[in-house]
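# Coordinates in review
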Amino acid sequence: MPKAGRYREGVPCWMALAVPDVERARRFYGGLFGWEFVATGPAELVATLHGAQVAAIGPPDAPAAWRTCLATPDVHRTTAAIQTAGGRVVREPYEVPDQGRAALAADPLGAVFGLWQGGPVPGAGLVNEPGTFTWNEHLSPGPDAARDFYRQVFGYTYDRPRDGYTVFRADGLPAGGIGPADPPGPAAWLTSFATADADRATAHLRALGGAVLAGPEPTPFGRSALVRDDSGAVFTLIAVPPDESAEAA
């Protein structure tokens, strides 16, 4: 199993789902991915798979959405850098007891993302296998502006663009993507979860009350589908062969 260790600065390290009905989300994702859950607050859950923490579910401060959290060694320094680069702090840094420190921010294009300064919990403990996140990408009408912002804040470097899409690197290793939204839409981070079989997973998702927005179809990275859960949160399902994985840690 691809267990994750300490995450490099700027690498997606944790996924958090904001939904109006946490119990409904528990049923949906427990059925889809086989997640089990541990209550961490009155309306907050941590999802686990094979005993490892893989995601969080909690009440929203906006419409239902998956939120990508980026690793930082110093959440206060990073929030200052975000403001200097033209972003804004949505929630100031705060302590998560016995786990780490967190904050919530938005980039200049309006995409909301989290920050995570790992303590005893560095981030997701399991990645790149069915039922865990495997890739994250920032999609927007202005990918050049996004690349400039995240370069300033996290020091990302970028591969050569293909149709406006680039892989971003943290400490020289691939960590995610930035590209144009297709079809055009507001700026947002999109999470991809791995599955052993995209067609079977999308059929299962429909049976649980979700919707398939596009696909499944072949991509250079595996057979993939854009989907929505039964609360309206959008994500991608992608078939990842057992011997292939994205660089997440």
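Quick caveat, the model's predicted, so the values are computed rather than measured.

What counts, and where the lines are drawn
- Residues numbered from 1 in each chain as written.
- Predicted model: local features only at pLDDT ≥ 70, side-chain atom pairs only at ≥ 80, totals over all residues.
- Heavy atoms only, no water.
- Phe/Tyr/Trp six-rings, centres within 6.5 Å; stacked < 30°, edge-to-face > 60°.
- Helix = DSSP H or I, 4+ residues; strand = E, 2+ residues; numbered from the N terminus.
- Buried < 20%, exposed > 50% of the residue type's maximum accessible area, 1.4 Å probe, protein only.
- Lys NZ or Arg CZ within 6 Å of the ring centre and 35° of its normal.
- Arc of directions from axis to C-beta.
- Contact = heavy atoms within 4.5 Å.
- Polar contact = N/O pair within 3.5 Å; in protein donor to acceptor, adjacent residues only side chain to side chain.
- Axes fitted to C-alpha atoms, helices over the stretch in contact; angles between N-to-C directions.
- Left-handed = near helix turned anticlockwise from the far one by under 90°.
- Nonpolar A, V, L, I, M, F, W, Y, C, P; charged D, E, K, R; others polar.

Counting across every chain of the model gives 23 aromatic pairs. Centre to centre, the rings of Tyr-150 and Trp-189 are 5.5 Å apart; their planes meet at 90°, and the pair counts as edge-to-face. Placement of the pair is Tyr-150 in helix α3 (residues 143-154) and Trp-189 in strand β13 (residues 188-195), with a sequence separation of 39 residues. Residue Trp-189 is classed as buried on the basis of its relative accessible area, which comes to 7%. Between Phe-193 and Phe-235, the ring centres sit 5.7 Å apart and the planes meet at 85°, which makes this aromatic pair edge-to-face. Remark: Phe-235 occurs in strand β16 (residues 234-239) and Phe-193 occurs in strand β13; sequence separation between them is 42 residues. Each of the two residues, Phe-193 as well as Phe-235, counts as buried. One aromatic cluster is present, formed by Phe-28, Tyr-29, Phe-33, Trp-35, Phe-37, Trp-66, Phe-193 and Phe-235 through successive ring pairs. Its end group placed over the ring of Tyr-94, Arg-91 keeps NZ or CZ at 3.6 Å from the ring centre.

Right, let's get into helix α2 (residues 75-84). Buried within α2 we find Val-75, Thr-78, Thr-79 and Ile-82. Looking straight down α2, one finds its buried side chains confined to an arc of 100°; they lie on one side. As for α2, its buried residues are in contact with β6 (88-96), β7 (100-106), β8 (112-118) and α3. Capping of α2 at its N-terminal end is provided by Asp-74; its side-chain oxygen lies 3.1 Å from the backbone amide nitrogen of His-76. Backbone geometry just after α2 places Gly-86 at a positive phi near 105°.

One can describe the packing of α2 onto α3 by two numbers: an axis separation of 9 Å at closest approach and a directional angle of 145°. Between α2 and α3 lies a crossing whose hand is right-handed. Residues Thr-78, Ala-81 and Ile-82 of α2 form the contact with α3, whose own contacting residues are Phe-149, Val-153 and Phe-154. Here the contact of α2 with α3 is composed, by residue class, of five nonpolar, one polar and no charged.

In this section: helix α4 (residues 198-207). Inspection of α4 places Ala-198, Ala-201, Thr-202 and Leu-205 among the buried residues, and these make up the whole buried set. One side of α4 holds all its buried residues, which, seen down the axis, span an arc of 100°. Residues Arg-200 and Ala-207 are exposed on α4 and point more than 90 degrees away from its buried face. Lining the buried residues of α4 we find α1 (22-33), β13, β14 (211-217), β15 (224-228) and β16. Capping of α4 at its N-terminal end is provided by Asp-197; its side-chain oxygen lies 3.0 Å from the backbone amide nitrogen of Asp-199. Gly-209 occupies a position one or two residues after α4 and carries a positive phi of about 105°.

Keep in mind these values describe shape, not function.
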